[in-house]
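For reference, the chains in residue letters:
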Amino acid sequence: TSLLGLLRTKTGLAFDLPGAAQWEYAAKAGNGDYKWGDGTPISSALDPDTNDVDPALDALGRYSNNGNASASVGSYAPNSWGLYDMHGNVIELLAEPYDISNGYTDTPKGGTGLRAAKGGSFAAGAFRCRAPFQFSRGVTVSEANTGCRLAITLP
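Residues numbered from 1 in each chain as written. Predicted model: local features only at pLDDT ≥ 70, side-chain atom pairs only at ≥ 80, totals over all residues. Heavy atoms only, no water.

Participant: Sorry, what's going on with the sheet that holds strand 2 (residues 91-97) here?
Facilitator: Read across the open sheet, the 4 strands follow the order 4-3-2-5; overall the sheet is mixed. Looking at strand neighbours, the two that pair on one side only are strand 4 (135-138) and strand 5 (146-148), the edges of this open sheet. Strand-to-strand, the axes of this sheet are offset by a mean angle of 50°, without reference to chain direction. Across 4 bridges, the pairing between strand 3 (residues 114-118) and strand 4 is antiparallel. (Pairing = 2+ DSSP bridges. Helix = DSSP H or I, 4+ residues; strand = E, 2+ residues; numbered from the N terminus. Axes fitted to C-alpha atoms, helices over the stretch in contact; angles between N-to-C directions.)

Here you go:
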């Protein structure tokens, strides 16, 4: 009865949420660490406590510096692989449970069981929109800044 279960049943395809490594690989689009998905360098001055704005992110996604609600998909430029909204707009749920030992993480957000999430959102600063940053979301909690991206394994 889940969304993924219904999609699998109707299409016969193996839809799932991406894993953290899959999501990060897609977000970086082959551009490596310390770069946004389009290849522009991430500001070396990013600090969630003092400077949480990166002008390079303004072209790629909605975050706390350029909006206060989600934007329509495709409102910002895609990354180098043509994927939209990998940084900002809405936090995207992942297949894995939340791992507090990940390093850069936020405070767990309620619910029964926690799922890992990435991507930042319109409510997050640039630091939290970087590919390595991990959020947590309760599996039974609905929030305006949280969504999902589907993955499928091709034969």
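Participant: For this particular structure, what's the right way to read the pairing of strand 2?
Facilitator: Where a strand is regular, its side chains alternate between the two sheet faces. One ladder, built from 3 bridges, connects strand 2 with strand 5; its direction is parallel. Bridged to Glu-92 within strand 5 is Gly-147. Here strand 2 pairs with strand 3 via 3 bridges, running antiparallel. Residue pairing across strands places Leu-93 opposite Ala-117, the latter belonging to strand 3.

Participant: Just checking my understanding: could you explain the packing of aromatic side chains for this structure?
Facilitator: The description of an aromatic ring pair uses the distance of the two centres, along with the angle that the planes make with each other. Considering all chains together, one arrives at 3 aromatic pairs under this definition. Residues Phe-133 and Phe-135 carry aromatic rings whose centres are separated by 5.0 Å and whose planes lie at 65° to one another, so their mutual orientation is edge-to-face. Exposure class is identical for Phe-133 and Phe-135. Each is buried. Following the ring pairs from residue to residue traces out a cluster consisting of Phe-127, Phe-133 and Phe-135. The residue whose ring lies beneath Arg-130 is Phe-127, and the NZ or CZ to ring-centre distance is 4.0 Å. (Phe/Tyr/Trp six-rings, centres within 6.5 Å; stacked < 30°, edge-to-face > 60°. Buried < 20%, exposed > 50% of the residue type's maximum accessible area, 1.4 Å probe, protein only. Lys NZ or Arg CZ within 6 Å of the ring centre and 35° of its normal.)

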